[in-house]
Number of protein chains: 2
Amino acid sequence: MKRAVVLLSGGVDSTTTLAIAIAEGYEAYALSFDYGQRHQIEIEAAGRVANTLGTKEHRVAKIDLRIFGGSALTDNIDVPKQRSETEIAHGIPVTYVPARNTIFLAYALAWAEVISANHIFLGVNAIDYSGYPDCRPEFIKAFQTLANVGTKAGIEGARLQIHTPLITLSKSEIIGKASELGVDLGLTHSCYDPSQEGLACGQCDSCLLRLKGFREAGIEDPIPYAKKSKGR
Amino acid sequence: MKRAVVLLSGGVDSTTTLAIAIAEGYEAYALSFDYGQRHQIEIEAAGRVANTLGTKEHRVAKIDLRIFGGSALTDNIDVPKQRSETEIAHGIPVTYVPARNTIFLAYALAWAEVISANHIFLGVNAIDYSGYPDCRPEFIKAFQTLANVGTKAGIEGARLQIHTPLITLSKSEIIGKASELGVDLGLTHSCYDPSQEGLACGQCDSCLLRLKGFREAGIEDPIPYAKKSKGR
């Protein structure tokens, strides 16, 4: 059976990516990160998803990105709320974690090398890559080149592939794809700033994109919200 | 002043690399890793070196590579002793940590991005790249490409450069260079398998290469050894 390391945050995109890898016949090794986020809810969601969808293994690598600071997701910078679509679509957001995908893919590559997997799946998509430099197709291509020159497997002739099955899809298309594959998106977590009880805020960029995606897909979002944004 | 992130393990190579960066006029931000090594002596050496040579900052990122296993440096695999030069020179050693330089450079890149440094220094050299895939010039070049497409700085037009000033040098040439720059190599640590008191074993690949390098450079190694290999 073909083995793949799948990066799994527990959000809609990585969950759908995992479902696609499994549907394509890969034995999935899910990898999540505990990177000093403000909350553990994301990691719990990843665990639920990994269990329910059926991975061979799920590991959580504890890494400390806070020592570098520089992002609203790891620092004490306020998560922006109720931004318009134009604001969300333009420029690099304050929730950007420097070199995050480079670090995540480097860990995935280490694990892939240990278990002799030649495939890594990553749920980056069209929305991400308008804002995050390390979600663009050029970046993925450059990492794949790196993986093939920088590992034992690569220089011994294995062909390491980075799969990004969502890269051209919008959020609503991703949600449609998840629905097709029978994935329960109620297991997932997207909010950057959940309440103490773990409810999604409904107002950060991530919640707004998620809600809009479900609306456009004509599907109801199964998760509860502390406060759903009106009129968007 | 030009800023540079310098990867610093506290060994001869990274210490010499730091001295070169400083001599070339860079403000140095030294980065070490606590990656579940068997011993903390390496990190202590890095701290001594950073203090003595004069860095702007020295940070130690705690990362857990043990969750993947696969190397004598992080697993319970025996460190090989008294290997011949031919054995050391050929093939990928069991001390190889999967994707280690990819992970280290990814962290360096994150820090570089936060402090707006366009330079990263790494002490890989001709001896390393005969054995480790992620020390070869092709790998360094691939990482530099990645750094320029995968970061905010890169896409905004900054030119991120990965410097490997030792890449064509042998161990004895590196030791000669350090001596020229007035670096006290007595501060450094190289052994893969030190004694409880922190003495270098004198018999692992790293000690053997170090001792040979000093001998060929015609310089006495200032560090004490538990047991120095005879006749080599």
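Residues numbered from 1 in each chain as written. Chains lettered and ligands numbered in written order. Predicted model: local features only at pLDDT ≥ 70, side-chain atom pairs only at ≥ 80, totals over all residues.

1. Quick word on the overall build of chain A
The helix and strand tally for chain A stands at nine helices and five strands. If you list the helices and strands of chain A from N to C, you get β-α-β-α-β-α-α-β-α-α-α-β-α-α. In chain A, buried positions account for 52% of the 232 residues. Across chain A, every contact between residues at least 6 apart in sequence was considered, and the portion connecting residues at least 24 apart equals 71%. (Helix = DSSP H or I, 4+ residues; strand = E, 2+ residues; numbered from the N terminus. Buried ≥ 20, exposed ≤ 12 C-beta atoms within 10 Å, placed from the backbone. Contact = placed C-beta atoms within 7 Å.)

2. A word on the relation of the copies chain B and chain A
Each of the two chain copies can be generated from the other by rotation about an axis followed by a shift along it. Note on the copies: chain B fits chain A at an RMSD of 0.0 Å, the axial shift is 0.0 Å, and the rotation between them is 180°. In short, the pair behaves as if placed about a two-fold rotation axis. Measuring from the rotation axis to each C-alpha of chain B, the shortest distance belongs to B:I63, at 2.6 Å. A high fraction, 97%, of the interface residues of chain B reappear at the interface in chain A, so the copies pair face to face through one surface. (Least-squares fit on C-alpha atoms with pLDDT ≥ 70 in both.)

3. Regarding the nonpolar core
The biggest cluster of nonpolar side chains holds 144 residues, and the ones touching the most others in it are A:V6, A:L31, A:A108, B:V6 and B:A108. When near neighbours in sequence (up to four residues on either side) are disregarded, A:A108 contacts A:V5, A:L7, A:L31 and A:I120. (Core = buried A, V, L, I, M, F, W, Y, C linked by C-beta atoms within 7 Å.)

4. A look at the sheet that holds strand 4 (residues 119-121) of chain B
All names here are of chain B. Reading across the sheet, the five strands line up as 3-2-1-4-5 and stay open at both edges, with parallel pairing between neighbours. Looking at strand neighbours, the two that pair on one side only are strand 3 (57-62) and strand 5 (161-163), the edges of this open sheet. Averaged over neighbouring strand pairs, the angle between their axes works out to 25° when direction is ignored. Relative to strand 2 (residues 27-34), strand 1 (residues 3-7) runs parallel, the two sharing five bridges. Among the inter-strand pairings, V6 is bridged to a residue of strand 2, identified as A30. Across the sheet, helix 1 (residues 12-23) touches strand 1, strand 2 and strand 4, and the angle it forms with strand 1 is around 170°. (Pairing = 2+ DSSP bridges. Axes fitted to C-alpha atoms, helices over the stretch in contact; angles between N-to-C directions.)

5. Describing the environment of A:H58
Residue and element names in this part refer to chain A. Relative to the helices and strands, H58 is located in strand 3 (residues 57-62). Between the alpha carbons of H58 and I162 there is a distance of 19 Å; along the sequence they are 104 residues apart. The contact partners of H58, leaving out residues within four places of it in the chain, are A30, G47 and A50.

6. Details of the sheet that holds strand 2 (residues 27-34) of chain A
All names here are of chain A. One open sheet accounts for five strands, arranged 3-2-1-4-5; its pairing is parallel. Looking along the sheet, the strands with just one partner apiece sit at the ends: strand 3 and strand 5 (161-163). Taken pair by pair, the neighbouring strands of this sheet meet at an average axis angle of 25°, ignoring direction. Bridging between strand 1 (residues 3-7) and strand 4 (residues 119-121) involves three bridges; their strand directions are parallel. Its bridge partner being in strand 4, A4 is matched across the sheet by H119. Its contacts with the sheet place helix 2 (residues 41-53) against strand 2 and strand 3, and it is angled at close to 170° to strand 2.

7. Side note on the confidence of the model for chain A
Averaged over all residues, the pLDDT of chain A equals 87, while 85% of them reach at least 70. The ipTM for the predicted assembly is 0.85, set against a pTM of 0.88. (pLDDT = per-residue confidence, 0-100.)

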